[in-house]
Structure formats: structure tokens, C-alpha cells
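A look at the structure
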Amino acid sequence: DCPGTGSTQAGRAAACQGCPNQRLCAAGATAPDPAEAAELRERLRGVKHTVLVLSGKGGVGKSTFSALLAHGLAADETKQVALLDIDICGPSIPKMMGLEGEQVHQSGSGWSPVYVEENLGVMSAGFLLSSPDDAVIWRGPKKNGLIKQFLRDVDWGEIDYLIVDTPPGTSDEHLSIVQYLSAVHIDGAVIITTPQEISLQDVRKEINFCHKVKLPIIGVVENMSGFICPKCKNESQIFPPTTGGAEKMCQNFNISLLGKVPLDPQIGKSCDRGQSFLSEAPESPATLSYRNIIQRIQEYCDQHRFQEEKII
């Protein structure tokens, strides 16, 4: 059992043998450097809420959820929203946000995010590639360096919500983003899964990762939760929850199930076109589910901030 990155046994316990992050933990590299932490605090001082979107499993709709969460929050024109894509090897956010082919611009205050709307900015490794088909073949340290650069060198400005889309797993990128953001503030993580057990197995690992690194869990979203026929309105289980699905898992871990999103072919089409599914299909059952989930995340963040201000 992983002793956790903050433990004195980090990287040294028997359970650490064979872990790809063993040397990183043993060297104490997961503890924030004081000078680095001060630098990140200065750059990110204008960020009110930070939400990580995680999943131990690939292909469960994590980037889709991140994009729609950003769109949903930015629907309130009084809110400034930023979407940070740290999936270095598979950056799909530029395509989903209709920003494919855009480039990062440098200003006197740092890199400028690429804007979808006046109140919705995006940063991704995809903007640094000459072609969307280019492969990023980097080892961990280089990926970690880019994540730090995204946080330290981007002119984020005053932001109400910073949404961080992460790659699948519990490895370098996840340790790095938690380490760097520990210098400021993380409201918590939203964990994405699908109903079948093969997905839940990896999501349980992600939940344990959050516990080990003391990352609060806002809740779990179950994607692809049934299919509602647009004609007859009957629901079919495309991916049957053979072990109880996300609902049973959340009960076992005593965490919140934020909601279930049914399959809708329009979601994939909207992502391919770089459009917001929430705007293109406002009456879809999936849209209604997304909006309820987004509202719950907002309520959690507001309550979390209120509790922190009360303590201060």
C-alpha cells in the first residue's frame, strides 16, 4: 500500500518497489520548494477556485467533461473561466474547444491563453505543436517542466474558475500538478468513470491516489450511463453496471455521486466540431444532467471557499 507522497517512507517502503515515481518520492521532489511555491502563489493569486478533472481510465469522457464544465461555468458572463490541459501526450482540448491550429502568444506578462470567449481562456500543449498529428515523446521531467511553465509563465489574470484536464492514471503529471498547486489552493477533484467494472477498477485507484496526496474529492460523475432513444424515449444499458456502477462505488468510499450522464451521439459530434454540446442540444437529457452536475460543483466550491474564509 502506497505510504503517500508526504510520508517519511515515501519512495522507501516495500510497496514503493517498482513504482515509476519511486525515485521522485525518495528524493523529496514531491515537496514544494519554498521559492518555487512563492513564485507560483504570486502568479496564481488571482485564481479563486481550482478544480481538477481526473480518471484512472482513458476513454471515459474526461476531456469532454472538462470542456463542457468550462463552457457551463462561462455561461455566466460575470465569471472568468480558464481551462488548462495537462494531457501532454494526448491534448484533445484544442479540438473540442474549436481552437485547433491556434498558437500561444507571448506578451510582456507571459504567455497569453487562447480565448474561446472573452471570459473563457484555454492553455494546452496542443498549441505548441506544429501539427495536431505530431507525437509528443517526452520523459517525465520534461512533461513536469511544461506543467510548471503553464502555471508559472501564463498570464492567467483574475480567474473565478481554473479547470485542469489531466491524463489518465496516477503518475508524473498528477503528482506534479498537485505539488505545484499545493502552493496555492485546490478546491478538489471531479473523478470521471463509466458504469462497467473494468473502468471502476482504475477509478478506485484514482480515489486512493487522492486520499494519499490529501486532494479533496468533490465527487464522481458517471458518463455513458445508459442510452435514451431520441424517438421512443426508452432507456437501454449499453454499458451495464455489473457491480453496481458508480453509485455503489461512491457508497463504499463515502464520496458524492455528482450525477449520471446518458450517452448522446450529439456529444461526440459537437466535440468534433469544436462546439458546446450544452448550447447545441439544450433540451437533451444529457445537457440537463450536465447542468445539474455543474451547479453542484459550483455550490461545493462556494461552500469550500466560505469555510476557508471563516477559518482565516
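What you see as residue numbers is a count from 1 along each chain, following the sequence as written. Reporting in this predicted model follows two pLDDT cut-offs: at least 70 for local features of residues, and 80 or more for side-chain atom pairs to be given and counted; totals over whole chains, interfaces and linings ignore these cut-offs and use all residues. Side-chain numbers here rest on the full set of heavy atoms in the structure, without hydrogens or water.

**Some remarks on the pattern of salt bridges**
Condition: Counted as salt bridges are all cases of a side-chain nitrogen of Lys or Arg within 4 Å of a carboxyl oxygen of Asp or Glu. Under the scheme used here, helices are H or I runs from DSSP no shorter than 4 residues and strands are E runs no shorter than 2 residues, and both carry numbers assigned from the N terminus.
This structure, assessed with the given rule, holds 13 salt bridges. Across the pair lysine 205 and aspartate 202 runs a salt bridge, and its minimum N-O distance is 3.5 Å. Here the residue lysine 205 and the residue aspartate 202 both occupy positions in helix H7 (residues 197–212), the gap between them amounting to 3 residues, near one helical turn. Connected via shared salt-bridge partners are Lys57, Asp202 and Lys205.

**Structural notes on the domain arrangement of the chain**
The condition is simple: Domain extents, as shown, originate in an automatic or database domain assignment.
Segmentation of the chain into domains returns domain 1 (1–30) and domain 2 (33–310). For domain 1 versus domain 2, the distance between C-alpha centres works out to 27 Å.

**Structural notes on unusual backbone geometry**
Rules: Each residue is placed in one exposure class: buried if its accessible area under a 1.4 Å probe, protein chains only, is under 20% of its type's maximum, exposed if it is over 50%, and partly exposed if it falls in between.
The residue lysine 214 is not glycine, and still its phi comes out positive at about 60°. Note on placement: lysine 214 falls in the loop between H7 and strand E9 (217–222). According to the relative accessible area criterion, lysine 214 is exposed, its value standing at 71%. Of note, methionine 224 is a non-glycine position whose phi angle comes to about 55°, a positive value. For methionine 224, the position within the fold is in the loop between E9 and strand E10 (227–228).

**Some thoughts on the pairing of E9**
Basically, it comes down to this: Being paired, for any two strands, means DSSP has found at least two bridges between them.
With 6 of its 6 residues buried, E9 lies for the most part within the structure. Here 5 bridges tie strand E8 (residues 188–193) to E9, and the two strands are oriented parallel to one another. Note that in E9 the partner of isoleucine 192 across the bridge is valine 221. As judged from the 3 bridges shared by E9 and strand E12 (residues 257–260), these two strands associate in the parallel manner. Of the residues in E12, the one forming a bridge with valine 221 is glycine 259.

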